[in-house]
Amino acid sequence: MADSKLPMPVPDEKSMPFYEGAKRHELVLQRCKTCGSFMWPVKLRCDVCLNNDIEWAKVSGKGKLYSFAIMHQVYHPGFTDKVPYNVATVELEQGIRIVSNVVDCPNSALSVDMPLEVTFEKLSDEVTIPKFKPGG
Ligand SMILES: [Zn+2]
């Protein structure tokens, strides 16, 4: 269960589709309607073609571990009982990278390029966030 002391993301108008998708246990990301590129984090226009005609699209949530670090230092009191924990950069099938955590896997078993798939963690009634677990 979520620790209420943890810092919480605050969805805003632009990021709301991402959080609404997460509540449904769907990973939804922005996609450029002109060139098809996916983007993250939330943006106003496409990095590739600069078009601002953007839609939200559900993705598979499959990817691989691109890089990770193990955090031992407590930078926020909410993480006191979490250390050591991993911070992972996950490269999705769509080629974009998202920073998250790998769960259901001991830190000692983390390995670059290991296949991952999305899972979801409910932090509050308003906020559910994607995490990643071994699989894919
Ligand atoms: Zn584009």
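Residues numbered from 1 in each chain as written. Predicted model: local features only at pLDDT ≥ 70, side-chain atom pairs only at ≥ 80, totals over all residues. Heavy atoms only, no water.

A. How the structure looks around the side chain of Ser124. Secondary-structure assignment places Ser124 in the loop between strand 7 (115–122) and strand 8 (128–134). A distance of 3.1 Å separates a polar atom in the side chain of Ser124 from the backbone nitrogen of Glu126. Here Val127 takes part through its backbone nitrogen, which lies 3.0 Å from a polar atom of the side chain of Ser124. (Helix = DSSP H or I, 4+ residues; strand = E, 2+ residues; numbered from the N terminus. Polar contact = N/O pair within 3.5 Å; in protein donor to acceptor, adjacent residues only side chain to side chain.)

B. Structural context of unusual backbone geometry. Residue Pro41 is reached from Trp40 by a cis peptide bond, and omega for that bond is 0 degrees. Tracing the backbone shows Pro41 in the loop between strand 2 (38–39) and strand 3 (54–59). With an omega of -10 degrees, the peptide bond running from Val83 to Pro84 counts as cis. Note on placement: Pro84 falls in the loop between strand 4 (62–71) and strand 5 (85–92). Unusually for a residue other than glycine, Asp104 sits at a positive phi of about 60 degrees. Along the chain, Asp104 turns up in the loop between strand 6 (97–100) and strand 7.

C. Up close: the coordination of the zinc ion. Around the zinc ion, the protein contributes the donor atoms Cys32 (SG), Cys35 (SG), Cys46 (SG) and Cys49 (SG), at 2.2 to 2.4 Å from the metal centre. Because the angles between the four donor atoms bound to the zinc ion fall within 99 to 119 degrees, the donor set is best described as tetrahedral. Sequence positions of the donors to the zinc ion reduce to the motif C-x2-C-x10-C-x2-C. Residue Cys46 is classed as buried on the basis of its relative accessible area, which comes to 1%. Given a relative accessible area of 33%, Cys49 falls into the partly exposed group. (Donors = N, O, S within 2.8 Å, 3.2 Å for Na, K, Ca; no water. Tetrahedral: all angles 85-135°; square planar, octahedral: opposite > 155°, others 65-115°. Buried < 20%, exposed > 50% of the residue type's maximum accessible area, 1.4 Å probe, protein only.)

D. Examining the pattern of salt bridges more closely. In the structure shown here, the tally under the stated rule is ten salt bridges. A salt bridge links Arg31 to Glu55, with the nearest nitrogen and oxygen atoms 3.0 Å apart. With a gap of 24 residues between them, Arg31 in strand 1 (residues 27–32) and Glu55 in strand 3 connect regions that are remote in the sequence. When salt bridges that share partners are traced, they join Arg24, Glu26 and Lys58 into one network. (Salt bridge = Lys/Arg side-chain N within 4 Å of Asp/Glu carboxyl O.)

E. Here's a closer look at the sheet that holds strand 5. Strands sit in the order 6-5-4-7-8 across an open sheet of five strands; the sheet is antiparallel. Strand pairing shows two members of the sheet lacking a second neighbour, strand 6 and strand 8, which therefore form its edges. Strand-to-strand twist of the sheet, defined as the mean angle between neighbouring strand axes without regard to direction, takes the value 35 degrees. Bridge count for strand 4 against strand 7 is three bridges, and the pairing is antiparallel. Looking across to strand 7, one finds that Lys64 is bridged to Pro115. Packed on one face of the sheet, helix 1 (residues 16–23) meets strand 7 and strand 8 and runs near 60 degrees to strand 8. (Pairing = 2+ DSSP bridges. Axes fitted to C-alpha atoms, helices over the stretch in contact; angles between N-to-C directions. Contact = heavy atoms within 4.5 Å.)

F. Spatial organisation of the sheet that holds strand 1. In spatial order, the strands read 2-1-3; together these three strands make up an open sheet with antiparallel pairing. Pairing within the sheet leaves two strands with one partner each, and these edge strands are strand 2 and strand 3. The sheet contact formed by strand 1 and strand 2 spans two bridges and is antiparallel. Opposite Gln30, over in strand 2, you have Met39 as the bridge partner. In the packing of helix 1 onto the sheet, the strands contacted are strand 1 and strand 3, and the crossing angle to strand 1 comes to about 145 degrees.

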